[in-house]
Amino acid sequence: MHLRKAKLMFFWVRYPSSAVLKMYFPDIKFNKNNTAQLVKWFSNFREFYYIQMEKYARQAVTEGIKTPDDLLIAGDSELYRVLNLHYNRNNHIEVPQNFRFVVEQTLREFFRAIQGGKDTEQSWKKSIYKIISRMDDPVPEYFKSPNFLEQLE
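This section reports on the structure supplied with the text. Given the structure is predicted, the values throughout are model-derived calculations rather than measurements. (Residues numbered from 1 in each chain as written. Predicted model: local features only at pLDDT ≥ 70, side-chain atom pairs only at ≥ 80, totals over all residues. Heavy atoms only, no water.)

## Examining the side chain of Asn88
Heads up, the condition is: What counts as a helix is a DSSP run of H or I of at least four residues, what counts as a strand is a run of E of at least two, and both are numbered from the N terminus. For every residue, the accessible area obtained with a 1.4 Å probe (protein chains only) is divided by the maximum for its type, and the residue is called buried under 20%, exposed over 50%, and partly exposed between those limits. Contact between two residues is taken to exist if any of their heavy atoms lie within 4.5 Å; hydrogens are not considered.
When you line up the elements, Asn88 lands in the loop between helix H4 (78–87) and helix H5 (97–115). Residue classification places Asn88 among the buried positions, given a relative accessible area of 1%. Excluding residues that lie within four positions of it along the chain, Asn88 makes contacts with Leu8, Phe11, Ile93 and Val95.

Dropping the structure here:
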């Protein structure tokens, strides 16, 4: 249940601090191990997210798309559907509007980097990660509710 909640939180926050995690998981008695586990989950969520971004950006380059502005993410786009299925499998929540913007910006950053040949450099993704980390939004207050997950059933 906590994993499901963490996945849903990813729509708002890709890089949560341990302080944020503690606020949104009030039923957990935090210690070194379970804090590390939650942080690891978000690391895994980001890994999946960025793998998808790179894959779709490379596909766009291969398809001959010329500018990042041509990359638009609609609610029915394949990439958006794949991400929603991964983080929100049972459509428990309506995906926040800003997540589509974040996805579009991430895809465009990967596209620019690949199109510009930066992907041949070591650590080429780090600058993208920095940009995306600044796009985190506050997680809605209702996530703090101890029976939040029960409300989804």
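## Digging into the packing of aromatic side chains
To keep it simple, the criterion reads: Stacked, tilted and edge-to-face are the three classes applied to pairs of Phe, Tyr and Trp rings, where Trp contributes its six-membered ring and a pair requires centres within 6.5 Å; stacked means planes under 30 degrees apart, edge-to-face means over 60, and tilted covers the rest. Look at NZ for Lys and CZ for Arg. If either is within 6 Å of the ring centre and within 35 degrees of the ring normal, a charge sits over the ring.
Inspection of every chain in the model, using the stated rule, returns 16 aromatic pairs. Measuring from centroid to centroid gives 6.1 Å for Phe48 and Tyr87, while their planes differ by 80°, and the two rings are edge-to-face. Taken together, the positions of Phe48 in helix H3 (residues 32–62) and Tyr87 in helix H4 put the pair 39 residues apart, joining distant regions of the chain. Here Tyr87 falls in the buried class, since its relative accessible area comes to 2%. Positioned above the aromatic ring of Phe25 is the side chain of Lys5, whose terminal nitrogen or guanidinium carbon lies 4.9 Å from the ring centre.

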